[in-house]
Amino acid sequence: MCYYPIPFAYAKNIFEIELNFYKKLGIKYLLMDLDNTLDSYLAEEPTERAIIFISKLKENGITPIIISNNKGPRVKKYSECLGINYLPKSGKPFSSKIKKYMKENGINPNETIMVGDQLATDIKAAKGAGIKNILVDKIVEEDQKVTKFNRFFEKPFRKRMAKKNRLIDWRTIYGEM
Ligand SMILES: [Mg+2]
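It should be emphasised that the depicted structure is a prediction, and the values quoted were computed from it without experimental measurement.

Some details on the coordination of the magnesium ion
Around the magnesium ion, the protein contributes the donor atoms Asp33 (OD), Asp35 (O) and Asp117 (OD), which lie 2.1 to 2.2 Å from the metal centre. Of note, the donors binding the magnesium ion are all from one chain and are spaced D-x1-D-x81-D. Taken as a pair, Asp35 in the loop between strand 2 (29–32) and helix 2 (48–59) and Asp117 in the loop between strand 5 (112–116) and helix 5 (119–128) lie far apart in primary sequence, 82 residues in all. Grouping residues by exposure puts Asp35 and Asp117 together as buried.

Take a look at the structure:
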């Protein structure tokens, strides 16, 4: 049986999370999954929504970094349009490449959070790297084949987690801080 980690927090999407939530947590680095977290995997370039979101992060002193399992050229093109750093072929659910990246770039795990749409890859890798994490819903219907496969298995677990109140909305945590 697969093991699915419980995320630190849940959000409907990456765009609805107030930046003050990150500030209160002392977050300086936002590691973001790309496909179906920021944009569709079919989007070669960032949508306006993503562009505005990224510039808001930067204005608020939060460094956004794309952590994607997708191939180099796709991740490079997308990230360069946004003018942000990125780690392609990141090896999620494994965390060794992410840990190495953080170490090489002087990124303190305590000041870092990961946002992604999959428990089995994004949240698992974040936990392995010792960083906080937020699970989001997919933003579009289209998925790559491998993601479709993962999602099929993940779906009942997400439902059960929600039922057992293990998916805690970020607003709830924010309200208690
Ligand atoms: Mg994704």
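Quick word on the packing of aromatic side chains
Taken as a whole, this structure holds 8 aromatic pairs when the rule is applied. When the centroid spacing of 5.7 Å and the interplanar angle of 55° are considered together, the rings of Phe21 and Trp170 count as tilted. On the criterion of sequence distance, the pair formed by Phe21 in helix 1 (residues 19–25) and Trp170 in helix 7 (residues 170–176) is long-range, its members being 149 residues apart. Both residues of the pair, Phe21 and Trp170, belong to the buried class.

Notes on the nonpolar core
Grouped together as the largest cluster of nonpolar side chains are 31 residues, with contacts concentrated most on Tyr22 and Met32. Elements supplying a minimum of two residues to this core: strand 1 (9–11), helix 1, strand 2, helix 2, helix 3 (72–82), strand 5, strand 6 (132–136) and helix 7. With residues near it in sequence (within four places) discarded, Met32 still touches Ile14, Leu38, Phe53, Ile54, Leu57, Pro64, Ile65, Ile66, Ile67, Ile84 and Val115. Of all hydrophobic cores here, the second largest spans 14 residues; its members include Tyr101, Met102, Ala129 and Ile131.

As for the side chain of Asn70
Along the polypeptide, Asn70 turns up in the loop between strand 3 (63–67) and helix 3. Looking at Asn70, the relative accessible area reads 11%, which means it is buried. Apart from the residues lying within four places of it in its own chain, the contact partners of Asn70 are Asp35, Val75, Pro88, Lys89 and Gln144.

Points about the environment of Val115
Tracing the backbone shows Val115 in strand 5. By relative accessible area, which is 0% here, Val115 ends up buried. Expressed as a C-alpha distance, the spacing of Val115 and Ala9, which sit 106 residues apart in the sequence, is 9.5 Å. The residues touching Val115, leaving out its near neighbours within four places in the chain, are Ile14, Tyr22, Leu30, Leu31, Met32, Asp33, Thr37, Ile134 and Val136.

Thoughts on the packing of helix 5 against helix 6 (residues 145–163)
Between helix 5 and helix 6, the shortest axis-to-axis distance is 10 Å and the interhelical angle comes to 65°. Considering the angle they form, helix 5 stands roughly perpendicular to helix 6. Judged by residue contacts, Leu119, Ala120 and Thr121 of helix 5 engage Asn150, Glu154, Arg158 and Met161 from helix 6. Looking at the contact of helix 5 with helix 6, its residues break down into 3 nonpolar, 2 polar and 2 charged.

A word on unusual backbone geometry
For the peptide bond that leads from Lys92 to Pro93, omega is 15°, which places it in the cis range. Within the fold, Pro93 resides in the loop between strand 4 (85–87) and helix 4 (96–104). Backbone geometry places Asn36, a non-glycine residue, at a positive phi of 70°. Considering the arrangement of structural elements, one finds Asn36 in the loop between strand 2 and helix 2. Assessed through its relative accessible area of 2%, Asn36 is described here as buried. Look at Asn165: it is not a glycine, yet its phi comes out positive at around 60°. Judged by its relative accessible area of 60%, Asn165 is exposed.

Cut-offs and rules
- Residues numbered from 1 in each chain as written.
- Predicted model: local features only at pLDDT ≥ 70, side-chain atom pairs only at ≥ 80, totals over all residues.
- Heavy atoms only, no water.
- Donors = N, O, S within 2.8 Å, 3.2 Å for Na, K, Ca; no water.
- Helix = DSSP H or I, 4+ residues; strand = E, 2+ residues; numbered from the N terminus.
- Buried < 20%, exposed > 50% of the residue type's maximum accessible area, 1.4 Å probe, protein only.
- Phe/Tyr/Trp six-rings, centres within 6.5 Å; stacked < 30°, edge-to-face > 60°.
- Core = buried A, V, L, I, M, F, W, Y, C linked by side-chain atoms within 4.5 Å.
- Contact = heavy atoms within 4.5 Å.
- Axes fitted to C-alpha atoms, helices over the stretch in contact; angles between N-to-C directions.
- Parallel < 35°, antiparallel > 145°, perpendicular 65-115°, else oblique.
- Nonpolar A, V, L, I, M, F, W, Y, C, P; charged D, E, K, R; others polar.

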